Amino acid sequence: MLNPQDALIQTMVLAAAADRDMTDPEVSTIGEIVGHLPIFRDFERGRLAQIASACVDLLQQEDGLDVALKQIKEALPPKLRETAYALACDVVASDVKASQEELRLLEMIRHRLDVDRLTAAAIERGARARYARG
């Protein structure tokens, strides 16, 4: 069973791996988020690579994505489910362009975590604004 911090990291890794290409900006964004947000204040950063690797391994299994999304939902209290969606959006937005696979994964995360459409739209717009390039 994941703890909430692990579940948030796993959500970000899913977003980065959605198009089967974890780019440097995506990996960097995950590291920056883990180093900056209060939810990760007591997180041991050395575990980041281990959690990411376990997530990628899970995705290699049959129904791995469904299992990962189920584990994430079970590990997150309702108040952190919007946070998970927001972090996934930030990872996707940190790359130059969102792929169809990434957008589809965001939709799956939104549905699985019960993030309502209006809230999701606001989160998505905020991510686009934060990662806009001149």
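Before reading further, recall that the structure is shown in the block above.
Residues numbered from 1 in each chain as written. Predicted model: local features only at pLDDT ≥ 70, side-chain atom pairs only at ≥ 80, totals over all residues. Heavy atoms only, no water.

**Student:** Summarise the nonpolar core; cite the residues concerned and give the values.
**Tutor:** With 42 residues, the main nonpolar core has Ile9, Met12, Ile30, Val34, Phe40, Leu76 and Tyr85 as its most contacted residues. Broken down by element, the residue count for this core peaks at 10 residues, all from helix α5 (residues 78-94). (Core = buried A, V, L, I, M, F, W, Y, C linked by side-chain atoms within 4.5 Å. Buried < 20%, exposed > 50% of the residue type's maximum accessible area, 1.4 Å probe, protein only. Helix = DSSP H or I, 4+ residues; strand = E, 2+ residues; numbered from the N terminus.)

**Student:** Tell me about the packing of helix α2 (residues 24-36) against α5, and name the residues and values.
**Tutor:** Relative placement of two packed helices is described by the angle separating their axes and the distance separating the axes. The N-to-C vectors of α2 and α5 enclose an angle of 140°; their axes lie 8 Å apart at closest approach. The hand of the α2/α5 crossing is right-handed. The residues of α5 that touch α2, namely those facing Pro25, Glu26, Thr29, Ile30 and Ile33, are Leu87, Asp90, Val91 and Ser94. (Axes fitted to C-alpha atoms, helices over the stretch in contact; angles between N-to-C directions. Left-handed = near helix turned anticlockwise from the far one by under 90°. Contact = heavy atoms within 4.5 Å.)

**Student:** If you had to explain the state of the cysteines to someone new, which residues and values would you point to?
**Tutor:** Evaluation of the coordinates by the stated rule reveals 0 disulfides. Left unpaired, Cys55 is separated from the closest cysteine sulfur, that of Cys89, by 16 Å. By relative accessible area, Cys55 is classed as buried at 1%. For Cys89, a relative accessible area of 5% translates into the label buried. (Disulfide = S-S within 2.5 Å.)

**Student:** Could you give an account of the environment of Val56, with specific residues and numbers?
**Tutor:** For Val56, the location among the structural elements is in helix α3 (residues 48-59). Sequence spacing of Val56 and Ala127 is 71 residues, and the spatial spacing of their C-alpha atoms is 24 Å. Once residues within four sequence positions are removed from consideration, Val56 is found in contact with Val13 and Met22.

**Student:** Run through the pattern of salt bridges, naming residues and quoting values.
**Tutor:** Scanning the entire structure with this criterion turns up 7 salt bridges. Ionic pairing is found between Lys73 and Asp114, a salt bridge with its closest N-O pair at 2.9 Å. On the criterion of sequence distance, the pair formed by Lys73 in helix α4 (residues 64-75) and Asp114 in the loop between α6 (100-112) and α7 (117-130) is long-range, its members being 41 residues apart. With relative accessibility at 27%, the residue Lys73 sits in the partly exposed group. Residue Asp114 is classed as exposed on the basis of its relative accessible area of 54%. (Salt bridge = Lys/Arg side-chain N within 4 Å of Asp/Glu carboxyl O.)

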